[in-house]
Amino acid sequence: MKYYIGIDIGTSSVKVTLIDKNGRITKETSREYDIEEPKPGWKQIDPEVWMRGTDEAMVQLLEGCDPQEVDAIGVTGQMHTVVFLDENGVSIRPALMWNDTRTKDMVSNLKEKILKLPKASHIANIISTGSPAVNLLWLKENEPDSFHRMKKFLIGPDYIVYRLTGTMQTDYCEASTSSLCDLTTGKWSPEIRRLLDFPESIYPEIRGTAAAAGTVLEKWSRKYGFHKNVKVIVGTGDNPAAAIATGCFSGKYPVLSLGTSGVLMVPKDKIDFKAKGKNILFSMDGEEISILVQGVIQSTGSSLGWWVKQVLKTDDFAEETEAEDTEHLGESPLIFYPHLAGDKTIYADPNLRGMFIGLGTDTTRKEMTLAVMEGICLAARQLSEVMCLTKEELKGLKVTGGGSKNQVWMQMLADVLGTEVQQMESGAGAGYGIALAAAGSQGEISMEQILHHTIKIKKTFSPRAYNQGLYEGKYQKYKKIYRCYQEIMSEE
């Protein structure tokens, strides 16, 4: 039996997944880690923390199995997070993370400059705090010595590929979401490079996700007991990897991932620069390029985690969020606005924050918990609308991620969106998706054949007329909140 490994470098932990040649998950391990937050809004991490976590999780993963049967490895993880390497391939400072907002005062000015570029103006629509382009510019302006020492930048997962193989490259997904790439050509934008005055030499080569980056270095092969030619593929960002696992690409259907953030992914035949959402280029082989449109709600799982863990002081999510009675969902007048960490897709406002509206002396703990979950669903509806998705396109929306396991949340989502919502079986995450890509790269079995056996719908939730009507009223109020928020927060 041959095995394949998927490594997922997440925001707060690394997850490592072992699958067999039939796509069955054999074992999973993980290691948590902490990020550095030296100032409000600053989020960074020493990339070696990822490697140490990966190493420890890998050792545990391989216990009890024959590592000689491992044939290929794929790496995925957080998109945008940028790593700065010197001439020896050593990180010169902590990586700036995807959710770092230290550049919030730089973005609007940079957008204006990009809008004036004839061939790169479309990049103005996607640049935001956390984008590699603006983080590299921050490094250049605020830590010039570090910038001049940098000889190559990589995006998060690329660093693990480099540490495993000694080779440096990135894939079409990571390049196209960096705000440094021309989406119409799939190549690094020379206009952006000249605008930012970046050396051409610091850019990594762009390659296909399933292309071979190299083989595992001898020191790692010896430690893990691998054979000499275990291949490591180039890899990709976590959202396309999750899309692979859910069959989003092959099935041409939308998928909502409810994790730390909420990500709505929709495969498209062509780029639409008028609709909101980030157009991600994706290519398995480096030749045929697909388009995945991604919209984000910054705080979904993190909003619920904030409420349950920090406010209610409990780790028992099920006790707080599950309920047998879902008949009365939507009846409470309480509304929660979930943008605790700003917004990128809907309003492109990093300063936006959350709130409860309609609190009274009779408001209960359960009502507030349900309101947090409802607010995230209302944000998902607004996200789908600004991405110009029709009810027909959303029909049968497949939901994955940790939040998808909560049946109350899934019923609530169906009622708010007014469409069927399909809860996917657990396991269809980014680490699993990149392990499938590694398996498919070996040519013995296609990913389509594997997905035919592995994609399973656990339960389908249908909207209910009574609750859908209640949520329609709530949604109309919800859409007015941003305008009111701006008025309240504006300086007179």
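Residues numbered from 1 in each chain as written. Predicted model: local features only at pLDDT ≥ 70, side-chain atom pairs only at ≥ 80, totals over all residues. Heavy atoms only, no water.

Inspection of the secondary structure puts Lys278 in strand β17 (residues 278-282). A polar contact of 3.4 Å, which involves the side chain of Lys278, links it to the side chain of His80. When neighbours within four sequence positions are excluded, Lys278 is seen to be in contact with His80, Ile126, Ser128, Thr177, Leu292, Val293 and Gln294. (Helix = DSSP H or I, 4+ residues; strand = E, 2+ residues; numbered from the N terminus. Polar contact = N/O pair within 3.5 Å; in protein donor to acceptor, adjacent residues only side chain to side chain. Contact = heavy atoms within 4.5 Å.)

This part is about the packing of aromatic side chains. Under the definition given, this model contains 15 aromatic pairs. Seen in terms of ring centroids, Phe153 and Trp188 are 6.0 Å apart; in terms of plane orientation they differ by 70°. Their pairing is edge-to-face. With Phe153 in strand β8 (residues 152-155) and Trp188 in strand β11 (residues 187-188), this pair connects stretches of sequence that are 35 residues apart. Comparing Phe153 with Trp188, the two get one shared label, buried. For the pair Phe336 and Phe356, a centre-to-centre distance of 4.9 Å together with 50° between the ring planes defines the contact as tilted. Of the two residues, Phe336 sits in strand β19 (residues 335-337) while Phe356 sits in strand β20 (residues 355-357), which places them 20 residues apart along the sequence. Looking at Phe336, the relative accessible area reads 1%, which means it is buried. Put simply, the rings of Trp306, Trp307, Phe336 and Phe356 touch in pairs and so form one group of aromatic residues. If you follow Arg102 out to its NZ or CZ, it ends over the ring of Trp42, 3.8 Å from the centre. Above the face of the Tyr253 ring, Lys398 is positioned so that its terminal group lies 3.9 Å from the ring centre. (Phe/Tyr/Trp six-rings, centres within 6.5 Å; stacked < 30°, edge-to-face > 60°. Buried < 20%, exposed > 50% of the residue type's maximum accessible area, 1.4 Å probe, protein only. Lys NZ or Arg CZ within 6 Å of the ring centre and 35° of its normal.)

Next up on the list: the side chain of Ser441. Relative to the assigned elements, Ser441 resides in helix α16 (residues 430-441). Polar contacts involving the side chain of Ser441 include one to the main-chain carbonyl oxygen of Ala438, which spans 2.6 Å. Those residues in contact with Ser441, other than ones at most four positions away along the chain, are Ala210, Lys231 and Ile233.

Scanning the model with the defined rule gives two cavities of 30 Å³ or more in all. Empty space within the largest cavity amounts to approximately 40 Å³. Around the largest cavity, the lining residues are Leu256, Leu264, Ala380, Leu383, Ser384, Leu394, Leu397 and Leu417. Examining the composition of the lining of the largest cavity, we find that three residues originate from one element, helix α13 (residues 365-386), more than from any other. A class-by-class count of the residues in the lining of the largest cavity yields seven nonpolar, one polar and no charged. (1 Å grid on protein atoms, 1.4 Å probe; cavity = no way out; pocket = protein on both sides within 12 Å on 5 of 7 lines; lining within 4 Å. Points joined across faces, edges and corners; volume = space filled by probe spheres on them. Nonpolar A, V, L, I, M, F, W, Y, C, P; charged D, E, K, R; others polar.)

Relative to the helices and strands, Thr177 resides in the loop between α6 (172-176) and β10 (181-182). Measuring from C-alpha to C-alpha, the distance between Thr177 and Ile127 comes to 8.5 Å, with 50 residues separating the pair along the chain. Setting aside anything within four residues of it in sequence, one finds Thr177 in contact with Met79, His80, Pro132, Lys278 and Ile280. A distance of 3.0 Å separates the side chain of Thr177 from the backbone oxygen of Cys173, its partner in a polar contact.

The next thing to look at is the UniProt feature "domain: Carbohydrate kinase FGGY N-terminal" (unreviewed entry) in the chain. Within this structure's numbering, the places UniProt gives as "domain: Carbohydrate kinase FGGY N-terminal" (unreviewed entry) are residues 3-244. For residues 3-244, the helix share is 32%, the strand share is 25%, and the end-to-end C-alpha distance is 18 Å. (UniProt positions renumbered as here; feature names shortened; annotations may be inferred.)

As summarised here, the arrangement of the six strands in space is β3-β2-β1-β5-β14-β13, forming an open sheet in which the pairing is mixed. Taken across any chain shown, the strands that pair with only one partner, and hence form the sheet edges, are β3 (25-32) and β13 (212-215). Sheet twist, expressed as the mean angle between neighbouring strand axes with direction ignored, is 20°. The sheet contact formed by strand β1 (residues 3-9) and strand β2 (residues 13-20) spans seven bridges and is antiparallel. Looking across to β2, one finds that Tyr4 is bridged to Ile19. Its contacts with the sheet place helix α5 (residues 156-165) against β1, β5 (70-77), β13 and β14 (231-233), and it is angled at close to 150° to β5. Most of the contacts of α16 go to β1, to which it runs at about 140°, and overall it touches β1, β2, β3, β5 and β14. (Pairing = 2+ DSSP bridges. Axes fitted to C-alpha atoms, helices over the stretch in contact; angles between N-to-C directions.)

Attention now moves to helix α18 (residues 465-478). Between its first and last C-alpha atoms α18 spans 20 Å; for 14 residues at 1.5 Å apiece the expected length is 20 Å, and the two agree. For α18, the elements touching its buried residues are β19, α13, α15 (407-417) and α19 (481-489). (Expected span 1.5 Å × (residues − 1).)

Let us look at the nonpolar core. Grouped together as the largest cluster of nonpolar side chains are 89 residues, with contacts concentrated most on Met150, Phe153, Leu180, Phe198, Met412 and Leu413. Counting residues per element, this core draws most heavily on α13, which supplies eleven residues. Residues within four places of Met412 in sequence aside, it is in contact with Leu329, Leu370, Met373, Glu374, Cys377 and Tyr471. In this structure, Met51, Met58, Val70 and Tyr224 belong to the second largest nonpolar core, which totals 39 residues. (Core = buried A, V, L, I, M, F, W, Y, C linked by side-chain atoms within 4.5 Å.)

What follows deals with the pairing of strand β16 (residues 262-268). Extensive coverage of β16 is indicated by the burial of six of its seven residues. Direction of pairing for strand β15 (residues 255-258) relative to β16: antiparallel, over a ladder of four bridges. The partner of Leu256 across the bridge, within β16, is Leu264. Taking the residues that link successive antiparallel strands as the turn, the β15-β16 hairpin has three residues. The sheet contact formed by β16 and strand β18 (residues 290-297) spans seven bridges and is antiparallel. Within β18, the position partnered with Leu264 by the bridge is Gly295.

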